[in-house]
Amino acid sequence: MGKTLIIGAAGQIGSELTLALRQKKGNEAVIAADIKSECPSLLIDGPYHRLDIMNREEVRSFVQNNAIDEVYLLAALLSATAEKNPDFAWRLNMEGLFTILDLAKEGFLQRIFWPSSIAVFGPTTPNEGTPQHTVMEPSTVYGISKQAGERWCEYYHNTFGVDVRSLRYPGLISYKSPPGGGTTDYAVDIFYKAKAQGNYTCFLNKDTELPMMFMDDAIRATITLMEAPKENLRIWSSYNLSGISFTPDQLAKEIQKHIPDFIIRYEPDFRQTIADSWPNSIDDSYASEDWNWKPAYNLSELVSEMLHHI
Ligand code: NAD
Ligand code: AKB
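Notes on the structure follow. (Residues numbered from 1 in each chain as written. Chains lettered and ligands numbered in written order. Predicted model: local features only at pLDDT ≥ 70, side-chain atom pairs only at ≥ 80, totals over all residues. Heavy atoms only, no water.)

**Quick word on the site of ligand 2**
Contacts to ligand 2 come from Leu-78, Ser-79, Ser-117, Ile-118, Tyr-142, Gly-171, Gly-182, Thr-183, Thr-184 and Trp-278. The separation between an oxygen atom of ligand 2 and a polar side-chain atom of Ser-79 is 2.5 Å. Between Tyr-142 and ligand 2, the recorded distance is 2.7 Å, taken from a side-chain N or O atom to an oxygen atom. More than half of the atoms of ligand 2 fall within 2 Å of the grid points belonging to the largest pocket. When the residues that make up the shell around ligand 2 are grouped by side-chain class, the tally is four nonpolar, six polar and no charged. Residues lining the shell around ligand 2 come from more than one domain, with at least three contributed by each of domain 1 (3–170 + 215–240) and domain 2 (172–213 + 244–280 + 297–309). (Near = heavy atom within 4 Å. Polar contact = N/O pair within 3.5 Å; in protein donor to acceptor, adjacent residues only side chain to side chain. 1 Å grid on protein atoms, 1.4 Å probe; cavity = no way out; pocket = protein on both sides within 12 Å on 5 of 7 lines; lining within 4 Å. Sits in = over half its atoms within 2 Å of the grid points. Nonpolar A, V, L, I, M, F, W, Y, C, P; charged D, E, K, R; others polar. Domains from an automatic or database assignment.)

Next comes the structure, spelled out in structure tokens:
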């Protein structure tokens, strides 16, 4: 059996996904890679390599020389950071995907996971219970790169038979690794500030409802999709995935059940425009029908877990 390579393993999702996959497959079978030279302390129990996804030749020889047959490609610039550096974001988010898709097309990889995002939707998308197939006119460079990536994944699957699987993650909430520059990051930051100083200034306004998910659910969804029999899958672009939807005001009220003096203030910045272009909630019936997806965490369970661990 070949090994699994996780590129972008030092990030918010990568670090938890690496731990979960190592638990299933064994430490040596899962190689963590990231552009960061230093191995994060969470990942020291297994192999770690510095790898730049933009260095096509380096990635190609690493995959071929290390008996890799499965790649999780997580390296990307997220929505807020990408708006500050659109050219670079486009290159990072697209070039690496082609490197990995081509390796699979040439027969060096059996399976790929590449994440998309609710950012593929835009201001003209129906925003309540957003369906799998709908209007998609993303207005951010991040969303444009994810939408293009989805089209290429489906194209490589349909044209070359590449087994590339994908999820449109909502905003992910976790305590093991910090988020990396997204619009939904407020929903993680708020917990650290609530515990450390009892107040938080939110960069979105109080009624901005967004789809979110606790990281444990996201990791379980990812592994379930990757283990699903190929013939059960109908979506080869990216599956809608839903957890819970809430506003900053609803999240603050839930935190106040644990920290009654917690105060939230609102100072919306450029990220408000991004959030306003995204759906409020997602219909993930394809995921539930094709691979039995069902989220486990509601808002109160998520808040209890976050406050317990931070
Ligand atoms: P992150 O920013 O926390 O992690 C990305 C990792 O990629 C970082 O450790 C970074 O060092 C690494 N990286 C950057 N450039 C690299 C390069 N050239 N070569 C190798 N590694 C490089 O991001 P994340 O939140 O873990 O997201 C992972 C993926 O999931 C991204 O594609 C993101 O778009 C997608 N996603 C995340 C969320 C979320 O809420 N976290 C939601 C939707 C989609
Ligand atoms: C972001 O806010 O950019 C990410 C995402 C939803 O893709 N968390």
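That covers the picture; the talk isn't over yet.
**Some words on helix H4 (residues 86–105)**
Across its 20 residues, H4 extends 28 Å between first and last C-alpha, which sits within 8% of the 28 Å expected from 1.5 Å per residue. Residues of H4 that are buried include every one of Ala-89, Leu-92, Asn-93, Met-94, Gly-96, Leu-97, Thr-99, Ile-100, Leu-101, Asp-102, Leu-103 and Ala-104, and no others. A positive backbone phi angle near 90° is found at Gly-107, which sits one or two residues after H4. (Helix = DSSP H or I, 4+ residues; strand = E, 2+ residues; numbered from the N terminus. Expected span 1.5 Å × (residues − 1). Buried < 20%, exposed > 50% of the residue type's maximum accessible area, 1.4 Å probe, protein only.)

**Remarks on the pattern of salt bridges**
Evaluation of the coordinates by the stated rule reveals 14 salt bridges. One salt-bridge network, in which partners are shared between bridges, spans Arg-111, Asp-163 and Arg-165. (Salt bridge = Lys/Arg side-chain N within 4 Å of Asp/Glu carboxyl O.)

**Examining the sheet that holds strand E9 (residues 171–173)**
Taken in spatial order, the three strands make up an open sheet running E9-E11-E13, and their pairing is mixed. Of all the strands in the sheet, the pair left with one neighbour each is E9 and strand E13 (244–246). Adjacent strand axes in the sheet meet at a mean angle of 45° when their direction is disregarded. Note: strand E11 (residues 210–214) against E13, three bridges, orientation antiparallel. Looking across to E13, one finds that Leu-210 is bridged to Phe-246. Against the sheet, helix H7 (residues 215–227) contacts E9 and E11, and its axis sits at roughly 80° relative to E11. (Pairing = 2+ DSSP bridges. Axes fitted to C-alpha atoms, helices over the stretch in contact; angles between N-to-C directions. Contact = heavy atoms within 4.5 Å.)

**Quick word on the environment of Gln-250**
With respect to the helices, strands and loops of the structure, Gln-250 is situated in helix H8 (residues 248–256). On the basis of relative accessible area, Gln-250 is assigned to the partly exposed category, the value being 40%. A sequence separation of 125 residues divides Gln-250 from Thr-125, and the C-alpha atoms of the two residues are 24 Å apart. Those residues in contact with Gln-250, other than ones at most four positions away along the chain, are Ser-245 and Leu-299.

**Here's the deal with the packing of helix H6 (residues 186–197) against helix H11 (residues 299–309)**
Between H6 and H11, whose axes approach to 10 Å, the crossing angle comes to 55°. Here H6 lies oblique to H11, going by the angle between them. When you trace H6 past H11, the crossing you get is right-handed. Where H6 abuts H11, its residues Val-188, Phe-191 and Lys-195 lie against Leu-302, Val-303, Met-306 and Leu-307. Classifying every residue of the contact of H6 with H11 gives six nonpolar, no polar and one charged. (Parallel < 35°, antiparallel > 145°, perpendicular 65-115°, else oblique. Left-handed = near helix turned anticlockwise from the far one by under 90°.)

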